[in-house]
Amino acid sequence: MPWVVRDAVRDINRMVARRWQAIDPLLPDPSALPTGCGAPLVVNGDNGRLAGLGVCVHHHIPPDSLNQTWGAADRFTLVPRLAGHDVSAPADVLLAQWRDHLAGVGAARGLDSSATVVWPSQDITGVQALLRHGLQPLTVIAARLRPQVPNGPRFEPRGAYGVTIRSAGPADEEQVLDLELRLIRYDMHFGGPVWRQATPRLVRDEIRASLARRATWTWLAERAGRAVGLLVAQPPQETGWIAGMTSASPAAYLQTMFVDYAERGTGIGSALVRHLHAQLDAAAVGVTLLHHSQVNPLSAPFWYRMGYRPLWTSWEARPVGALR
Ligand SMILES: CC(C)(COP(=O)(O)OP(=O)(O)OC[C@H]1O[C@@H](n2cnc3c(N)ncnc32)[C@H](O)[C@@H]1OP(=O)(O)O)[C@@H](O)C(=O)NCCC(=O)NCCS
C-alpha cells in the first residue's frame, strides 16, 4: 500500500475511532483495513477532503465447509470507514461505488451470492443509505456485559419447573443433532442459513468433535429424560474470530439456543441462559456475544430480556444483483 493511502487510512481510522466511541462504547477501535480485492474505494467530501474509505473483500465458501450453511457461497463484504458526524452522504457515495465495482466481478453475478455490510447498530445516520441501495438488515450481533455488582449478591441460576440442565457428552450426539438441525430449519425462515446437501453431515461432524473436546460448553435441558432444550457456547479461548467486534473482553460466544416448540414460554430458555451466565460471570468473562436474526419474532424479545442489546447489524443483499 503506498504511503499516501497508508496515511489516509490512519487518519480516517482515528476519526472513525472517535466517532464509534461516541456512538457506542462497546464498539472496538476500528481495525486496520483488510487487503481486499483491489485499491480501496475512496469518498471525498464537499470540501475535497477525504470523507471515507471502503474495502471490498471476496470469499468463496466451498461446499465441504459448514460455513456454507450460514449464508451464500460467494460472499462480498464491504468494510467501510466513514468519518464525520452524519455519514449518510458519504455512505451513499461509497455504496454506489461498491455496487459499480461488483458489477464487474464474475462471481458476483451468481444467484448463490451475497453483498454484506456490517454496520454499528447504534449508527443510525447510515441506515437510509443502506436501505436505498437495496440492503436489508438480516442479523444482529448482540452483546451482554458482565453485571457490575461489587460486593453485591451472587447471581444464582434459576431453574424451570420439572426440567434438569446437564452438560452433554458424546452419547448425546443424536439429541444434540436433532435440536441443532431444527434450529437451522427454523432460522431459514428469516433468510440467513441455507440448507445444503452436506448440512446434516457437517453439523454432525462438528457436534461429534465438539462433544469429544469440551462437553461442558454444550448443555441440554431435559424433561422426563427427553432433551427439550439446547444451549451451545464457546469459551473465550475459542472466540478469536469474533472477539475483535467489541471493546470489552474477554469475550464468550453463545452459538446455539433452541427450545422444543411445545415447551416454549415455560422458562426453559431462560434457565439454560442463566445457567451459562452464572458460569461466565463467576469466571469474570467480560462480555458475551451472539448472533440473532433481526426478524426472528422469538429471539430479539428473548435476548433483550436476558440482558443483551444490539451491537452490530449485518445488512445484506442476496444475491449481489439485488444491490442497487
Ligand atoms: C428463543 C427461545 C429459545 C426462548 O426460549 P423459551 O423457553 O420459550 O423462553 P422462556 O420461557 O425462558 O422466556 C424467558 C423470558 O423471555 C420472555 N420471552 C420469551 N419469548 C418471548 C417472546 N417471543 N416475546 C416476548 N417475551 C418473550 C418470557 O416471557 C420470559 O420472560 P420472564 O423472565 O419475564 O418470564 C425459544 O422461543 C426458541 O427456541 N425459539 C426458536 C429458536 C430460536 O429463535 N432460537 C434463538 C436463535 S438466536
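Quick summary incoming for the structure in this document. Because the structure is predicted, anything quoted here is derived from the model rather than measured. (Residues numbered from 1 in each chain as written. Predicted model: local features only at pLDDT ≥ 70, side-chain atom pairs only at ≥ 80, totals over all residues. Heavy atoms only, no water.)

## Overview of the overall build of the protein
- Scanning the protein from N- to C-terminus turns up seven helices and 11 strands.
- Relative to the compact-globule value of 20 Å for 324 residues, the protein shows a C-alpha radius of gyration of 21 Å, a close match.
- In terms of overall dimensions, the protein has a C-alpha envelope of 70 × 50 × 30 Å along the principal axes.
- The burial tally for the protein puts 50% of its 324 residues in the buried class.
- Nonlocal contacts in the protein, meaning residues at least 24 apart in sequence, comprise 74% of its contacts between residues at least 6 apart.
- When the accessible surface of the protein is split by element, carbon and sulfur atoms take 56% of a total near 15700 Å².
- Treating the 32 positive side-chain charges of the protein as one cloud and the 27 negative ones as another, the clouds have centres 3 Å apart. (Helix = DSSP H or I, 4+ residues; strand = E, 2+ residues; numbered from the N terminus. Rg over C-alpha atoms; globule rule 2.2 N^0.38 Å. Buried < 20%, exposed > 50% of the residue type's maximum accessible area, 1.4 Å probe, protein only. Contact = heavy atoms within 4.5 Å. Areas by Shrake-Rupley, 256 points an atom, 1.4 Å probe, with all protein chains shown as cover. Lys, Arg positive; Asp, Glu negative; His and termini not counted. Charge placed at Lys NZ, Arg CZ, Asp CG, Glu CD.)

## Examining the side chain of Ser314
- Tracing the backbone through its elements, the reader meets Ser314 in strand β11 (residues 309–317).
- Ser314 has contacts with Thr116, Val117, Val118, Gln136, Pro137, Leu138 and Thr139, leaving out every residue within four places of it along the chain.

## Observations concerning empty space enclosed by the protein
- Overall, the coordinates contain one cavity of 30 Å³ or more when judged by the stated rule.
- In this structure, the largest cavity encloses a volume near 40 Å³.
- In this structure, the largest cavity is lined by Leu78, Pro80, Leu82, Ala91, Leu94, Leu95, Val117, Trp119 and Leu130.
- Contributing elements (two or more residues each) for the lining of the largest cavity: β3 (74–82), α2 (88–103) and β4 (113–120).
- Looking at the lining of the largest cavity residue by residue, the class counts come to nine nonpolar, no polar and no charged. (1 Å grid on protein atoms, 1.4 Å probe; cavity = no way out; pocket = protein on both sides within 12 Å on 5 of 7 lines; lining within 4 Å. Points joined across faces, edges and corners; volume = space filled by probe spheres on them. Nonpolar A, V, L, I, M, F, W, Y, C, P; charged D, E, K, R; others polar.)

## Some words on the site of the ligand
- Surrounding the ligand, one finds 22 residues, the nearest of these being Val259, Gly265, Gly269, Ser270 and Arg305.
- At 2.9 Å from a nitrogen atom of the ligand is found a main-chain nitrogen or oxygen belonging to Met257.
- Arg264 is positioned such that a nitrogen or oxygen atom in its side chain is 3.5 Å from an oxygen atom of the ligand.
- Bound to the protein, the ligand loses 77% of the 930 Å² it would expose on its own.
- Elements that contribute at least two residues to the shell around the ligand include exactly α4 (173–187), β9 (251–259), α6 (268–282), β10 (287–293) and α7 (299–305).
- With five residues, the top contributor of residues to the shell around the ligand is α7. (Near = heavy atom within 4 Å. Polar contact = N/O pair within 3.5 Å; in protein donor to acceptor, adjacent residues only side chain to side chain.)

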